[in-house]
Amino acid sequence: MEDVDSIFINTINRSSRCNGKSGTEKYNGNDERSGRYPFVKALSMSGGDGDNSYSTNSLLQKRVIRKVKPVLVKNTQGMMKNLNFPNYIKVADLGCATGQNTFLTMSEIVNTITVLCQQCNQKLPEIDCCLNDLPCNDFNTTFKFIAFFNKIVKSKGLCFVSGSFYSRLFPSKSLHFVHSSYSLHWLSKVPKGLEKDTSCVYITASSPPSTYKAYLTQFQSDFTTFLKMRSEEMVWNGRMVLTFIGRETIDDPLHRDCCHFWTLLSTSLRDLVSEGLVSASKVGPFNMPFYDPSKEEAIEMIRKEGSFEINDLEIHGFDLHQSNYDEDYKLHSQKSKAGEKEAKCIRAVSESLLVAHFGVDVMDTLFNKFAYHVSQHTSCTNKTTVSLVVSLIRK
């Protein structure tokens, strides 16, 4: 017997409800309901998982779902038989709200399809599950229950339900264009084998060669997986444009600028250790799940994986001092102290990791230190950090 080939979870916002109109109504500039009842636009179930949340207080809805189960099962079976067991099924839960309940329904549909196909000796289809609700719905809390969904579906095969792009996300040959910006330099996990390098949170010139090899190996694994997953999802001749942080090619793969953001973060953490705010034993095992490949490394991995043709590859400058400065509208004043912009940018992308390891209390002090160290390197011109832009064609 086979297991469900693929299951995908996607979200779709029900924006027409937020406008107070159905999709068939025309705008005439004089919407009586919108004028008299503007609060309707704020409609959504209470988010989170606290005492007053919808997730915690939806037992009635859960009981209703269980009562409706026979109808759900009967119609799912009828649909599969009438459609002659198709290879691809798309299921939508309209008004899914937040919490576990929506996964109870989806799992019942998936389980029904699984059992029926096994009983009838039919190949199991890919299943695309779309969760739909208002734009202000708390989908974050809903997606926290994906692990719960995985436990209650009967299929023990390849069940691709994930928010990570290092796994399958979409049905086979369903994507025509993929774009990813400043995401792929983040690794799926901290590499193994970094125990000997406890002085910095990332590669530096003083790191042992094993540190570079560990990071490179993890990036190779992740990037190759990313390419393989997307190749299965994309149509022939589909395009991808990928932008991620990289580094200029130099002879020493361990070299990172003295003003590299992770180098300065390491220095800032050591400041906290010297001031007794953080223990050295706490800093030692902390490493960033990040890698900045060279152009050559990226090209080699793409060619080795083999699913895509490189259409173009560009290298652009990387300047964190412009991270909070909009060149088009000039929204931010240049009066800001040197280092503050870079500190805010790095804090925005790394604080969740740092808080999970060091706690929230030291964050302000840490990034004040970081801003100071950045200000001491404003004249640094020997920068090797760049933005790599790769455009690919699905072969």
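Residues numbered from 1 in each chain as written. Predicted model: local features only at pLDDT ≥ 70, side-chain atom pairs only at ≥ 80, totals over all residues. Heavy atoms only, no water.

1. Remarks on unusual backbone geometry
Its identity is not glycine, yet Asn84 carries a phi of approximately 60°, on the positive side. With respect to the helices and strands, the residue Asn84 is situated in the loop between α4 (69-82) and β2 (88-94). Backbone geometry at Asn237 places phi at a positive 75°, although glycine is not the residue there. Mapped onto the elements, Asn237 comes out in strand β5 (residues 234-247). The exposure class of Asn237 is partly exposed, given its relative accessible area of 41%. (Helix = DSSP H or I, 4+ residues; strand = E, 2+ residues; numbered from the N terminus. Buried < 20%, exposed > 50% of the residue type's maximum accessible area, 1.4 Å probe, protein only.)

2. Topic: the sheet that holds β5
Whether parallel or antiparallel, the strands of a sheet pair through hydrogen bonds between backbone atoms. Strand order in the open sheet formed by 4 strands is β4-β5-β7-β6, and the pairing between neighbours is mixed. With partners counted over all chains shown, the strands left at the sheet margins are β4 (175-181) and β6 (308-317), one partner each. Taking the axes of each pair of neighbouring strands and ignoring which way they run, one obtains an average angle of 10° across the sheet. Across 6 bridges, the pairing between β4 and β5 is parallel. Opposite Ser181, over in β5, you have Thr243 as the bridge partner. Here helix α8 (residues 209-233) sits on the sheet in contact with β4, β5, β6 and β7 (385-394), set at roughly 155° to β5. (Pairing = 2+ DSSP bridges. Axes fitted to C-alpha atoms, helices over the stretch in contact; angles between N-to-C directions. Contact = heavy atoms within 4.5 Å.)

3. Digging into the packing of helix α9 (residues 261-274) against helix α12 (residues 340-358)
Interaxial distance between α9 and α12 falls to 12 Å at its minimum, and their mutual angle equals 55°. Considered as vectors, α9 and α12 are oriented oblique to each other. As for the relative orientation of α9 and α12, their crossing is right-handed in sense. In this structure, α9 contributes Phe261, Trp262, Leu264, Leu265 and Leu269 to the contact, and α12 contributes Glu342, Ile346, Ser350, Leu354 and Phe358. The residue makeup of the contact of α9 with α12, split by class, is 8 nonpolar, 1 polar and 1 charged. (Parallel < 35°, antiparallel > 145°, perpendicular 65-115°, else oblique. Left-handed = near helix turned anticlockwise from the far one by under 90°. Nonpolar A, V, L, I, M, F, W, Y, C, P; charged D, E, K, R; others polar.)

4. Some words on the layout of surface pockets
Here the idea is plain: a probe the size of a water molecule rolls over the atoms and shows the empty space left. Roughly 160 Å³ of volume is contained in the second largest pocket. Along its surface, the second largest pocket is lined by Lys62, Ile65, Arg66, Lys69, Leu72, Gln100, Leu104, Ser107, Glu108, Asn111, Phe148 and Ile152. Elements with a minimum of two residues in the lining of the second largest pocket: α3 (59-67), α4, α5 (101-119) and α7 (146-152). Of all the elements, α5 adds the most residues to the lining of the second largest pocket, at 4 residues. Looking at the lining of the second largest pocket residue by residue, the classes come out as 5 nonpolar, 3 polar and 4 charged. (1 Å grid on protein atoms, 1.4 Å probe; cavity = no way out; pocket = protein on both sides within 12 Å on 5 of 7 lines; lining within 4 Å. Points joined across faces, edges and corners; volume = space filled by probe spheres on them.)

Geometric values such as these leave the question of function open.
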